[in-house]
Amino acid sequence: MKIKFASDIIKITFENEEPFANRSLIMSGEVLDDGFAAIVSTIKWLPSDKENTLSDSDREIVCSLIRNYNKNSSFIIQLVK
């Protein structure tokens, strides 16, 4: 998982060994001292030839991947519902 962010948006790109390999998504939120508070309801795939709205099951998978990422990172992505 590759993470890039600005003051109010975060971009996550999934790597080859992860579900959704080479796809990127964005979420709105806010930068924190040690991470980013991301609003789950704003998750969208970056524009592509596919639909850019996530299904409920895809959203759950993404949230699970983010929680796993948080276990081994000093940069924490807080999921705000």
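Note that this is a predicted model, so its numbers are computed, not measured. (Residues numbered from 1 in each chain as written. Predicted model: local features only at pLDDT ≥ 70, side-chain atom pairs only at ≥ 80, totals over all residues. Heavy atoms only, no water.)

Colleague: I keep staring at the packing of aromatic side chains and nothing clicks. Help me out?
Modeller: Two measures describe an aromatic ring pair: the distance that separates the ring centres and the angle between the ring planes. Scanning the model with the defined rule gives five aromatic pairs in all. The interplanar angle of 25° and the centroid separation of 4.9 Å between the aromatic rings of phenylalanine 5 and phenylalanine 75 together place this pair among those described as stacked. With a gap of 70 residues between them, phenylalanine 5 in strand β1 (residues 2-5) and phenylalanine 75 in the loop between α1 (56-71) and β6 (76-80) connect regions that are remote in the sequence. For phenylalanine 75, a relative accessible area of 18% puts it in the buried group. For the cation-ring pair, arginine 23 lies above tryptophan 45, with the distance from its terminal atom to the ring centre recorded as 4.1 Å. (Phe/Tyr/Trp six-rings, centres within 6.5 Å; stacked < 30°, edge-to-face > 60°. Helix = DSSP H or I, 4+ residues; strand = E, 2+ residues; numbered from the N terminus. Buried < 20%, exposed > 50% of the residue type's maximum accessible area, 1.4 Å probe, protein only. Lys NZ or Arg CZ within 6 Å of the ring centre and 35° of its normal.)

Colleague: Sorry, what's going on with the environment of isoleucine 26 here?
Modeller: Looking at the secondary structure, you find isoleucine 26 in strand β3 (residues 24-32). Owing to a relative accessible area of 24%, isoleucine 26 belongs among the partly exposed residues under this scheme. Here the alpha-carbon distance between isoleucine 26 and alanine 38, two residues 12 residues apart in the chain, equals 9.3 Å.

Colleague: Any chance you could explain the pairing of strand β2 (residues 9-13) here in plain terms?
Modeller: On β2, burial follows the alternation: Ile10 and Ile12 on one face are buried, whereas Ile9, Lys11 and Thr13 on the facing-out side are not. Strand direction decides the pairing type here: β1 and β2, joined by four bridges, are antiparallel. Bridging across to β2, lysine 4 finds its partner in lysine 11. Summarising the sheet, β2 and β3 pair through five bridges and their orientation is antiparallel. Across the sheet, the residue bridging to isoleucine 12 is leucine 25, located in β3. (Pairing = 2+ DSSP bridges.)

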